[in-house]
Amino acid sequence: MTAIASDPPATRQSLSFAFLAQVILIANSFIMLYPVVVMVLSAFKTTGEIFEHPFALPDFTQVGNFAKVLGETSMPTYFVNSILVTGASVILILVLGTMAGYAVARYESRTNTIILLFFLAGLMLPLKLAVIPLFILLRDLGLLDSRWSLIVTYTAIGLPSAVFIMAGFLRTLPSELEDAARIDGASEPRIMWSVMLPLARPPMAIAAIQNAVPIWNDFFFPLVFIQTDARKTLPQGLTTFMGEYTTDWGMLFAGLTIAAAPITLLYIALSRQFIQGMTAGAVK
C-alpha cells in the first residue's frame, strides 16, 4: 500500500490513460468483430432461423447453405474471377510500383521529384470521376467485358500508393549496401533483386494488403465494365442471391463468409510483415 501511495501523480495518470486505451481498444475490437461473427453464425441458419432466433447459436453441422452456394450457383466461377483479377492486379502493382519506387529513391536525378509528384497526383483524383472516358478508352481497346478491363484499372489505381510506400522506405536504406555490391561486381538489376528487395518485404506487404482488400471488395468497376455472368467477380455475383421480392439470407451469408475468408487469411498470413512495415523507421 505504501508503494502504491508513493507513486507520483504522473505515473498514476499514465496508468489511467493506459487502462482507458485498453478499454477503448477492446470495445473497438468488439464493434468490428460483432458483424463478422453474426455473418458466420447466420451462414449456418435458414432464413426463418435468422429472423426467429438471430442471436442463437446454430447447428454447425448444417452446411446446406454452403452446399447450395457452391453447387447450385455460379459462386465458384465468381470466386475464380476474383482470385485472378485480384492476384494479377496486386502482382502488377508490386512489380511496377517497386521498380518505379526504387528508381525514384535510389537514383539521383533532377526529375525524380517531378516523377514522384506525378504518381502522387493519382492519389488526389479518384478514378471513378473519370469512369466515362475510361469506359470509352477500354471500349476502343477492345477490353470491355473482360478481366483485363478490371486488371489494368486496378493497377492504375494502386500504383500511386505503392510508389509512395516503396520510395519512402527505400530512401531509408543505407547506400553502403549498394556500394559494397557494386564493388563485388553486381549489376544494377542484381543489386535491386538480391540486396534491396529482401529488405523491402515489409513495405511490399503493406502495399499488397492495402490494394488487395479494396480490389477484392470492389463492386463499382465490375458493375460498369462486366456484363457476362461468367466474368463477374464476387461482389457483383453476390447480388444474384438477392431477389426482387424474396432473398435467401442463409445462402447470402454463406456466400459472404466464403468471399471474406481468402482476404482474411491473407491478412493473417502477412500480418507480421504488415506490422514490421508500419513500425519500420520508428526507432533509429
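Residues numbered from 1 in each chain as written. Predicted model: local features only at pLDDT ≥ 70, side-chain atom pairs only at ≥ 80, totals over all residues. Heavy atoms only, no water.

> Honestly, empty space enclosed by the protein in this entry has me stumped. Any pointers?
One way to see where empty space is left: roll a probe the size of a water molecule over the atoms. Overall, the coordinates contain 1 cavity of 30 Å³ or more when judged by the stated rule. Reported here for the largest cavity is a volume of approximately 60 Å³. Secondary structure elements with two or more residues in the lining of the largest cavity: helix H5 (75-106), helix H8 (147-170) and helix H11 (201-217). Per element, the largest residue contribution to the lining of the largest cavity is 3 residues, and it comes from H5. For the lining of the largest cavity, the residue count by class is 7 nonpolar, 3 polar and 1 charged. (1 Å grid on protein atoms, 1.4 Å probe; cavity = no way out; pocket = protein on both sides within 12 Å on 5 of 7 lines; lining within 4 Å. Points joined across faces, edges and corners; volume = space filled by probe spheres on them. Helix = DSSP H or I, 4+ residues; strand = E, 2+ residues; numbered from the N terminus. Nonpolar A, V, L, I, M, F, W, Y, C, P; charged D, E, K, R; others polar.)

> Please clarify how the layout of surface pockets should be interpreted in this entry.
In this structure, the largest pocket spans a volume of roughly 450 Å³. Around the largest pocket sit 19 residues that line it, and Gly122, Leu127, Ala156, Ile157 and Gly158 are the ones nearest its centre. Mapped by element, the contributors of at least two residues to the lining of the largest pocket are helix H6 (112-124), H8 and H11. If one sorts the elements of the lining of the largest pocket by residue count, H8 sits on top with 6 residues. Grouping the constituent residues of the lining of the largest pocket by class yields 12 nonpolar, 5 polar and 2 charged. Contributing to the lining of the second largest pocket are Asn28, Ser29, Met32, Leu33, Pro35, Val36, Met39, Val40, Thr257, Ala260, Ala261 and Thr264. Those elements that place two or more of their residues in the lining of the second largest pocket are helix H2 (9-42) and helix H14 (249-279). Of the residues forming the lining of the second largest pocket, the biggest block, 8 residues, is contributed by H2.

> So what exactly am I meant to see when it comes to the UniProt feature "transmembrane region" (unreviewed entry) in the protein chain here?
Per the UniProt record, "transmembrane region" (unreviewed entry) is annotated on residues 17-44, 78-102, 114-136, 148-170, 191-213 and 249-270. Structurally, residues 114-136 is divided into 74% helix and 0% strand, and its ends, taken at the C-alpha atoms, are 29 Å apart. Regarding residues 249-270, the helix share stands at 100% and the strand share at 0%, and the terminal C-alpha atoms are separated by 32 Å. (UniProt positions renumbered as here; feature names shortened; annotations may be inferred.)

> I'm lost on the side chain of serine 146 in this one. Help?
Looking at the secondary structure, you find serine 146 in the loop between helix H7 (131-140) and H8. Sequence-distant contacts of serine 146, defined by excluding residues within four places in its chain, comprise Ile226 and Arg231. (Contact = heavy atoms within 4.5 Å.)

> How should the pattern of salt bridges be read in this particular structure?
As a working rule, side chains carrying opposite charge can pair if their charged atoms are close by. As enumerated under the stated definition, the model contains 5 salt bridges in all. Residue lysine 232 is joined to aspartate 229 by a salt bridge in which the shortest nitrogen-to-oxygen separation is 3.8 Å. Here the residues in one salt-bridge network are Arg106, Glu178 and Arg182, joined through shared partners. (Salt bridge = Lys/Arg side-chain N within 4 Å of Asp/Glu carboxyl O.)

> What exactly am I supposed to notice about unusual backbone geometry here?
Glycine aside, negative phi is the norm for most residues, and most peptide bonds take the trans geometry. Look at aspartate 145: it is not a glycine, yet its phi comes out positive at around 60°. Here aspartate 145 shows up in the loop between H7 and H8. Residue classification places aspartate 145 among the buried positions, given a relative accessible area of 17%. (Buried < 20%, exposed > 50% of the residue type's maximum accessible area, 1.4 Å probe, protein only.)

> I keep staring at the nonpolar core and nothing clicks. Help me out?
The nonpolar side chains of soluble globular proteins are, as a tendency, buried together. In this structure, Val69, Met75 and Leu150 are the most contacted members of the largest nonpolar core, which totals 38 residues. Residue contributions to this core peak at 7 residues, all from H14. Those residues in contact with methionine 75 that sit more than four places away from it in its chain are Val69, Leu234, Leu238, Phe241, Gly255, Ile258 and Ala259. Among the nonpolar cores identified, the runner-up in size contains 13 residues, and Tyr102, Met166, Met192 and Met196 belong to it. (Core = buried A, V, L, I, M, F, W, Y, C linked by side-chain atoms within 4.5 Å.)

> Explain the packing of H5 against H6 to me, please; I cannot follow it from the model alone.
Interhelical geometry of H5 versus H6 gives an angle of 145° and a closest axis separation of 9 Å. Along this stretch, H5 crosses H6, giving a crossing that reads as left-handed. Contact residues: Ala100, Ala103 and Val104 in H5; Asn112, Ile115, Leu116 and Phe119 in H6. Looking at the contact of H5 with H6 residue by residue, the class counts come to 6 nonpolar, 1 polar and no charged. (Axes fitted to C-alpha atoms, helices over the stretch in contact; angles between N-to-C directions. Left-handed = near helix turned anticlockwise from the far one by under 90°.)

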